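Summary of the model geometry
This is what each chain is made of:
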Amino acid sequence: MGQALGLIQVDQSTVAIKESFGKFDEILGPGCHFLPWCIGKQIAGYLSLRVQQLDVRCETKTKDNVFVNVVASVQYRALADKASDAFYRLTNTREQIQSYVFDVIRASVPKMNLDDAFEQKNEIAKAVEDELEKAMSMYGYEIVQTLIVDIEPDEHVKRAMNEINAAARLRVAANEKAEAEKILQIKRAEGDAESKYLAGLGIARQRQAIVDGLRDSVLAFSENVPGTSAKDVMDMVLVTQYFDTMKEIGASSKSSSVFIPHGPGVVKDIASQIRDGQLQAKFV
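Structure report, in brief. (Residues numbered from 1 in each chain as written. Predicted model: local features only at pLDDT ≥ 70, side-chain atom pairs only at ≥ 80, totals over all residues. Heavy atoms only, no water.)

Right, let's get into the sheet that holds strand β5 (residues 41-48). Taken together, three strands build an open sheet; the order of strands is β3-β2-β5 and the sheet is antiparallel. Looking at the sheet topology across the chains shown, the edges are occupied by β3 (23-28) and β5. The mean angle between the axes of side-by-side strands here comes to 30°, regardless of whether they run parallel or antiparallel. As defined by bridge partners, strand β2 (residues 14-20) adjoins β3 across five bridges and the pair is classed as antiparallel. (Pairing = 2+ DSSP bridges. Helix = DSSP H or I, 4+ residues; strand = E, 2+ residues; numbered from the N terminus. Axes fitted to C-alpha atoms, helices over the stretch in contact; angles between N-to-C directions.)

To continue, consider the nonpolar core. The biggest cluster of nonpolar side chains holds 34 residues, and the ones touching the most others in it are Ile97, Val101, Ile105, Leu132, Met136 and Tyr141. Counting only elements with at least two residues in this core, the list comes to β2, β6 (52-61), β7 (67-78), α2 (83-88), α3 (93-108), α4 (114-119), α5 (121-136) and β8 (141-153). Sort the elements by how many residues they give to this core and β7 lands first, with six residues. Setting aside its immediate chain neighbours within four residues, Ile105 contacts Cys58, Thr60, Val70, Ala72, Pro110 and Val128. (Core = buried A, V, L, I, M, F, W, Y, C linked by side-chain atoms within 4.5 Å. Buried < 20%, exposed > 50% of the residue type's maximum accessible area, 1.4 Å probe, protein only. Contact = heavy atoms within 4.5 Å.)

What follows concerns the packing of aromatic side chains. Applying the stated criterion to the full structure yields three aromatic pairs. Ring geometry for Phe24 and Tyr88: centres 5.9 Å apart, planes at 80°, overall edge-to-face. Of the two residues, Phe24 is situated in strand β3 and Tyr88 in helix α2; the sequence distance between them amounts to 64 residues. According to the relative accessible area criterion, Tyr88 is partly exposed, its value standing at 37%. Site record: aromatic cluster; members linked through ring pairs are Phe24, Phe87 and Tyr88. (Phe/Tyr/Trp six-rings, centres within 6.5 Å; stacked < 30°, edge-to-face > 60°.)

Okay, the sheet that holds β8 next. Read from one edge to the other, the open sheet built from three strands follows the order β6-β7-β8, with strand pairing classed as antiparallel. In the strand order of this sheet, the two ends are held by β6 and β8, each with one partner. Recorded for the sheet is a direction-independent mean angle of 20° between the axes of neighbouring strands. Sheet topology note: the β7/β8 ladder contains eleven bridges and is antiparallel. By the bridge assignment for β8, Ser73 is matched with Leu147. Sheet strands in contact with α5 are β7 and β8, and its direction is about 145° off that of β8.

This part covers the packing of α3 against α5. The relative placement of two packed helices is expressed as an angle between their axes plus a distance between the axes. Their axes nearest at 9 Å, the elements α3 and α5 cross at an angle of 140°. Comparing their axes, α5 and α3 come out oblique. Seen from above, α3 lies across α5 with right-handed handedness. Contacts from Thr93, Gln96, Ile97, Tyr100, Val101, Val104, Ile105 and Ser108 of α3 reach α5 at Ala127, Val128, Glu131, Leu132, Ala135 and Met136. Taken together, the residues of the contact of α3 with α5 break down into ten nonpolar, three polar and one charged. (Parallel < 35°, antiparallel > 145°, perpendicular 65-115°, else oblique. Left-handed = near helix turned anticlockwise from the far one by under 90°. Nonpolar A, V, L, I, M, F, W, Y, C, P; charged D, E, K, R; others polar.)

With that settled, the discussion passes to the side chain of Lys18. Within the secondary structure layout, Lys18 lies in strand β2. Not counting residues within four places of it along the chain, the set of residues in contact with Lys18 comprises Lys23, Phe24, Asp25, Glu26, Leu28, Leu35, Lys41, Gln42 and Ile43.

The next point concerns the pattern of salt bridges. Under the defined criterion, the tally for this structure stands at nine salt bridges. A salt bridge links Arg77 to Glu142; the nearest nitrogen and oxygen atoms lie 2.8 Å apart. Here Glu142 lies in strand β8 and Arg77 lies in strand β7, a separation of 65 residues in the sequence. The partner of Glu131 in a salt bridge is Lys134, with the nearest N and O atoms 3.8 Å apart. In this pair, Glu131 and Lys134 both sit in helix α5, three residues apart, roughly one turn of the helix. Take Lys134: its relative accessible area is 55%, and that puts it in the exposed class. One connected set of salt bridges, linked through shared partners, spans Lys18, Asp25, Glu26 and Lys41. (Salt bridge = Lys/Arg side-chain N within 4 Å of Asp/Glu carboxyl O.)

Written out as structure tokens, the structure is:
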């Protein structure tokens, strides 16, 4: 009914292209407009002013000969004051933008190694945006933003990169583990050395205490028992130690069977052997 009366409606964020007998006349904004079709006025089409997005997947090669798929996301919109250029000068806007994206990516990425391409995604996006802005502005379009949303190497390359990364991490872990083992060994050696040092001090003090005790025993026995010599006292001490040793061997639960000659004569022989050994060591 509205068209029959020459009335048309243009929605928000949209403009209509008005022609008169097939020639561009004017741009109609959102709202209701009178269009006397009977005198050759008509609407050639509508143009959206909303931001649109185009995702472009481009296959190219890096400087180190790795094939990658670069995915670029281009956000663009038609300009209201250049709506006639946007409507008449391009037959397929999306294909035109895609061609420019292909051209810029295939000119930029082959100059970079694969690692550099990942690190310089923003530079690639900026190059694409600058080229699109310069090219599409003459056709009545504004490039709002360009993003490089993904760089996908070949599956074999990704697997190799993961293996390299894993090997590097394993190498670091191995170095850390070796360093920890080294520290443990050093600490263990230091503890063992300290333990042996303290054990040596203990043995030295024990022997010193034994010597002091024997000396005191000899002196006390000689003074309290007239007519006894140091030799008699030492024989008695050796016999006492002999019986103490036998007692400790018998009391130990972990000792094996030990055969020791026993008897008064044997004890005398042991005392003589120890005494002779001391004398020989003295005169050597």
